[in-house]
Every structure is written in C-alpha cells, then in structure tokens.
Amino acid sequence: ITVTDLVTQCRDQLDEQNSEDISDADILSALNRAQRKAANILVKRFEDLLITDTTQTTTADEDEYDIPEDSFGRRIDQISVLTNSVRYPLKRVSYRDLHKYRSSTTVSMPSVYALKGRKYVVAPTPQAGVVLEIWYPKAFETMVLAQGRITSVSVASTYVLLDALGADLTT
C-alpha cells in the first residue's frame, strides 16, 4: 500500500473527493500525526521494535554531542564505549547530577551520560578518538506523495526507469 493509496482511502472514508475543501496536504498532515502517535505507543510498549544504533567518535576537549537526527522524540536508550570490540555501557544520570562526574582532565573511558535538550553530554570529558555507540529508537520517515515508482535499475548505465513522473520531481 502506498501513501497515494492511503490518501485515496481517507478521501473515500470522508466521502470527500473535492480536493479544494480538503487538500492532499491536509490529509498527509493528519496521516503523519497519526504515524507519530502510533510510533510513540510502539516505542513505549515495545522498546526494541524501532531500535537502531550509530557510532560517534569523540573529539578533543568536547563532551557534548548532537542526538542523531533520525532519533524518535530525541530519545537515547543507551550509550556504550567501544574498546577492542568490547562494549562498556555508560550509566545515565540526570543533567543536574552531571557535575559530580566532571573532571579537569580528559579520560579514555567516560562513565556516565546525560541528556541536555537536543544533545547528550558524556562525563568525564573523553579524550579524542573514543568511539561511542548510541542506541536509540529510529523515527519513521515523513509520508509524502509518490513521485513515481522505480520499475527497473541499470547499474551499468547508471539510470532508473519510472512508471510515472511526478510533477514535484526535480534533478
């Protein structure tokens, strides 16, 4: 089922085929809100269902890093330090308690992390080159109307064939 099919089904349920009264953008907005609400329920009830991970290599004298952009609700489930293929989980603490773990020197193995807005902070401040593994729930992509469906791919000639070309498709 495609996003276009969902929009059509919504129009059928609304018994409203006039796109002047209710535009496709209105329907897409409602569908995306519903998707976020469903994802919120999924993340709370089935914690591991949407889980994914990424790594972050620390830089010198830096203890604050951005939460991954595709994180659902700017959430982080776990951060670990990767050393010689071994994971050492960091303890999550409240940002107001982070000062207890700060140090004037950098370390090869931080022990805690805290969330601060759209960032996470590790403490004590790690040396450059420490690999952090961040586990977080991945957000669903925003629904958009189809601009065409790929029917064939030619790797050798570097082109794709579409069944139809959407009006909003650009190079």
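As a starting point, this report considers the structure included with it. (Residues numbered from 1 in each chain as written. Predicted model: local features only at pLDDT ≥ 70, side-chain atom pairs only at ≥ 80, totals over all residues. Heavy atoms only, no water.)

**Topic: the packing of aromatic side chains**
- Using the criterion set out here, one finds one aromatic pair in the structure.
- Seen from their ring centres, Tyr65 and Tyr120 are 5.9 Å apart, and the 35 degrees between their planes marks the pair as tilted. You can see Tyr65 sitting in strand S2 (residues 64-66) and its partner Tyr120 sitting in strand S7 (residues 119-123), a full 55 residues away along the chain. When sorted by exposure, Tyr65 lands in the same class as Tyr120, which is buried. (Phe/Tyr/Trp six-rings, centres within 6.5 Å; stacked < 30°, edge-to-face > 60°. Helix = DSSP H or I, 4+ residues; strand = E, 2+ residues; numbered from the N terminus. Buried < 20%, exposed > 50% of the residue type's maximum accessible area, 1.4 Å probe, protein only.)

**A word on the sheet that holds S7**
- Read from one edge of the open sheet, four strands run S2-S7-S6-S5, paired in mixed fashion. The open sheet terminates on both sides in strands that have one partner only, identified here as S2 and strand S5 (91-92). (Pairing = 2+ DSSP bridges.)

**Overview of helix H2 (residues 24-45)**
- Here H2 contains 22 residues, and its C-alpha end-to-end distance of 31 Å stays within 8% of the 32 Å for a straight helix at 1.5 Å per residue.
- Within the span of H2, buried status applies to Ile27, Leu28, Leu31, Asn32, Gln35, Ala39 and Val43. All buried residues of H2 fall inside an arc of 140 degrees around its axis, so they share one side. Residues Lys37, Lys44 and Arg45 are exposed on H2 and point more than 90 degrees away from its buried face.
- In this structure, the buried side of H2 is in contact with helix H1 (3-14) and strand S8 (131-137). (Expected span 1.5 Å × (residues − 1). Arc of directions from axis to C-beta. Contact = heavy atoms within 4.5 Å.)

Take it as geometry only, folks, not as evidence of what the structure does.
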